[in-house]
Amino acid sequence: MTPKIVKVAIFYDGGFFWHVNNYYHYIHNRKSPVSITGLHHYVRNQISSLENVDVKYTRIVDAHYFRGRMPAVEAQNRNRLYADRVFEDVLMREGVITHFLPVTPKGEKGVDVWLSLDCYEMAVQKKYDVVVLIASDSDYIPLVKKLNTLGTRVMVLGWDFDFVDNYGNKQVTVTSAGLIDNATYPISMHSEIEELNSRNEEEANLLFIAKDLAGYDDLKPAGSTMTPYGPTTLLNEDVMSNYIVQLHNGYGFIATETPGKNLFFHYSQLENCDFAELVVGDKVDYKLAMNDKGEFAVEINRVS
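So, how was this worked out
Residues numbered from 1 in each chain as written. Predicted model: local features only at pLDDT ≥ 70, side-chain atom pairs only at ≥ 80, totals over all residues. Heavy atoms only, no water. Salt bridge = Lys/Arg side-chain N within 4 Å of Asp/Glu carboxyl O. Helix = DSSP H or I, 4+ residues; strand = E, 2+ residues; numbered from the N terminus. Buried < 20%, exposed > 50% of the residue type's maximum accessible area, 1.4 Å probe, protein only. Arc of directions from axis to C-beta. Contact = heavy atoms within 4.5 Å. pLDDT = per-residue confidence, 0-100. Phe/Tyr/Trp six-rings, centres within 6.5 Å; stacked < 30°, edge-to-face > 60°. Lys NZ or Arg CZ within 6 Å of the ring centre and 35° of its normal. Axes fitted to C-alpha atoms, helices over the stretch in contact; angles between N-to-C directions. Parallel < 35°, antiparallel > 145°, perpendicular 65-115°, else oblique. Nonpolar A, V, L, I, M, F, W, Y, C, P; charged D, E, K, R; others polar. Core = buried A, V, L, I, M, F, W, Y, C linked by side-chain atoms within 4.5 Å.

Our next topic: the pattern of salt bridges. Applying the stated criterion across every chain yields a total of 7 salt bridges. Where arginine 69 meets glutamate 88, a salt bridge forms, and the shortest distance between an N and an O atom there is 2.9 Å. Of this pair, arginine 69 sits in strand β2 (residues 58-69) while glutamate 88 sits in helix α4 (residues 81-93); the two residues are 19 residues apart in sequence, bridging distant segments of the chain. Its relative accessible area of 15% is what places glutamate 88 among the buried residues. One salt-bridge network, in which partners are shared between bridges, spans Glu237, Lys287 and Glu299.

Okay, here's the thing in structure tokens:
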């Protein structure tokens with residue numbers, strides 16, 4: 001008797017996956033982005049093993065990517081169009097269907113709701129056996145619980161990592177414990193990748209793009225050869241406001257009330273937007289810090 005095909009659908013929280021991709025590309029010692037092809041290959045093999053079905057009967061029948069996206073004119077003005085197209089080309093080649101919501105001045109809003117509604121509706125209609133959720137937010141717990149009522153198994157691919165940025169601040173990403181607890185097949189990918197690397201480096205490498213792949217440098221939110229050095233001291237807790245007067249490769253300058261004095265800032269201190277979204281003239285809130293190079297801006301938020 002021929003085994004029944006195990007129907008798998010993958011749903012990406014695009015903002016989260018972009019964050020993970022940047023971590024491996026620019027922070028982790030791998031210095032290479034995650035491969036969509038490799039990730040899908042990994043998913044099929046994992047589900048094949050967990051469901052006790054030959055991998056040839058484990059099929060990804062749908063893959064969907066949800067994210068906020070700014071209007072084309074604004075993206076072009078912010079030099080973002082080409083970078084977006086490069087990544088969308090990667091998704092298109094792998095058969096991943098993209099879903100975009102307009103980005104507001106306050107950032108991405110409603111992506112988690114849209115993903116959840118579409119995922120549940122498609123799971124009801126297409127009767128997926130396994131839904132793979134690439135996300136970390138606790139907002140997806142109701143979706144996982146609803147999928148459980150359908151008898152659909154849920155695999156959550158989560159990442160936990162932290163690093164110290166150029167200013168000595170610790171940046172932390174953690175997958176919701178509730179999301180993990182409600183999943184049928186929770187996988188901590190940060191640990192899984194390290195374990196794979198220790199067992200079989202070639203197998204682990206399949207999860208990543210070759211470092212010299214043309215075009216992938218354009219996916220970086222903001223590259224820079226200019227970074228702050230030395231210990232950093234926050235001068236006070238006062239929030240200041242002014243306008244960006246210069247933007248360069250990963251850094252820029254903010255006007256001050258002192259004539260002729262502009263304040264340096266580094267992309268790593270942006271809190272509510274990507275560097276690629278900024279344009280000269282944007283108003284920002286920030287705090288003032290100092291290192292051995294002088295004063296500079298930290299904890300920067302673009303004002304809507």
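Having seen it, we continue.
For helix α6 (residues 141-150), the set of buried residues is Ile141, Leu143, Val144 and Leu147. Mapping the buried residues of α6 onto a view down its axis gives an arc of 160°, with all of them on the same face. Elements in contact with the buried residues of α6: α5 (111-126), β4 (130-134), β5 (153-158) and α7 (177-182). Phi for glycine 151, located one or two positions after α6, is positive at around 85°.

Moving on: the confidence of the model for the protein chain. On average, residues of the protein chain score 85 in pLDDT, and 85% of them reach the 70 mark or higher. Across residues 212-230, where pLDDT falls below 50, the model places 52 contacts with residues more than four positions away in sequence or in other chains.

The next subject is the packing of aromatic side chains. Under the criterion given, the structure shown has 14 aromatic pairs. For the pair phenylalanine 16 and tryptophan 159, a centre-to-centre distance of 6.2 Å together with 55° between the ring planes defines the contact as tilted. Remark: tryptophan 159 occurs in the loop between β5 and β6 (161-164) and phenylalanine 16 occurs in helix α1 (residues 14-27); sequence separation between them is 143 residues. Across the pair, exposure class does not vary: phenylalanine 16 and tryptophan 159 are buried alike. Seen in terms of ring centroids, phenylalanine 253 and phenylalanine 264 are 5.9 Å apart; in terms of plane orientation they differ by 65°. Their pairing is edge-to-face. A residue pair is termed long-range when its members are at least 10 positions apart, and phenylalanine 253 in strand β11 (residues 251-255) and phenylalanine 264 in strand β12 (residues 262-266) qualify at 11 residues. Relative accessible area serves as the criterion here: at 13%, phenylalanine 264 is assigned to the buried category. Above the face of the tryptophan 18 ring, arginine 67 is positioned so that its terminal group lies 4.7 Å from the ring centre. In this structure, arginine 69 packs its charged tip against the face of phenylalanine 100, placed 4.1 Å from the ring centre.

The subject of this paragraph is unusual backbone geometry. The backbone phi angle of lysine 127 is positive, close to 55°, even though this residue is not glycine. Looking at the element boundaries, lysine 127 is found in the loop between α5 and β4. Judged by its relative accessible area of 59%, lysine 127 falls in the exposed class. In this structure, glutamate 299 is a non-glycine residue whose phi angle is positive, near 50°. Among the secondary structure elements, glutamate 299 is positioned in strand β14 (residues 294-302). Among the residues examined, glutamate 299 registers a relative accessible area of 28% and is labelled partly exposed.

In this section: the packing of helix α2 (residues 36-50) against helix α8 (residues 189-199). Between α2 and α8, whose axes approach to 14 Å, the crossing angle comes to 90°. Taken together, α2 and α8 sit at an angle that is classed as roughly perpendicular. Facing Leu39, Tyr42 and Gln46 of α2, the residues of α8 in contact are Met189, Glu192 and Leu196. Its residues placed into classes, the contact of α2 with α8 shows 4 nonpolar, 1 polar and 1 charged.

All right, on to the nonpolar core then. Counting 40 residues, the largest nonpolar core has Tyr12, Phe17, Leu39, Val132, Ile134, Leu157 and Trp159 as the members making the most contacts within it. With 6 residues, the single largest contributor to this core is α1. Not counting the four nearest positions on each side in its chain, phenylalanine 17 is found in contact with Tyr12, Val34, Ile36, Leu39, Tyr65, Phe87 and Ile134. Judged by nonpolar contacts, the second largest core, of 21 residues, contains Val131, Leu133, Tyr140 and Leu179.

You can see leucine 288 is positioned in strand β13 (residues 283-291). Distance in space between the C-alpha atoms of leucine 288 and leucine 235 is 5.8 Å, their sequence separation being 53 residues. When residues no more than four places from it in sequence are discounted, the contact partners of leucine 288 are Leu234, Leu235, Asn236, Met240, Leu263, Glu295 and Phe296.

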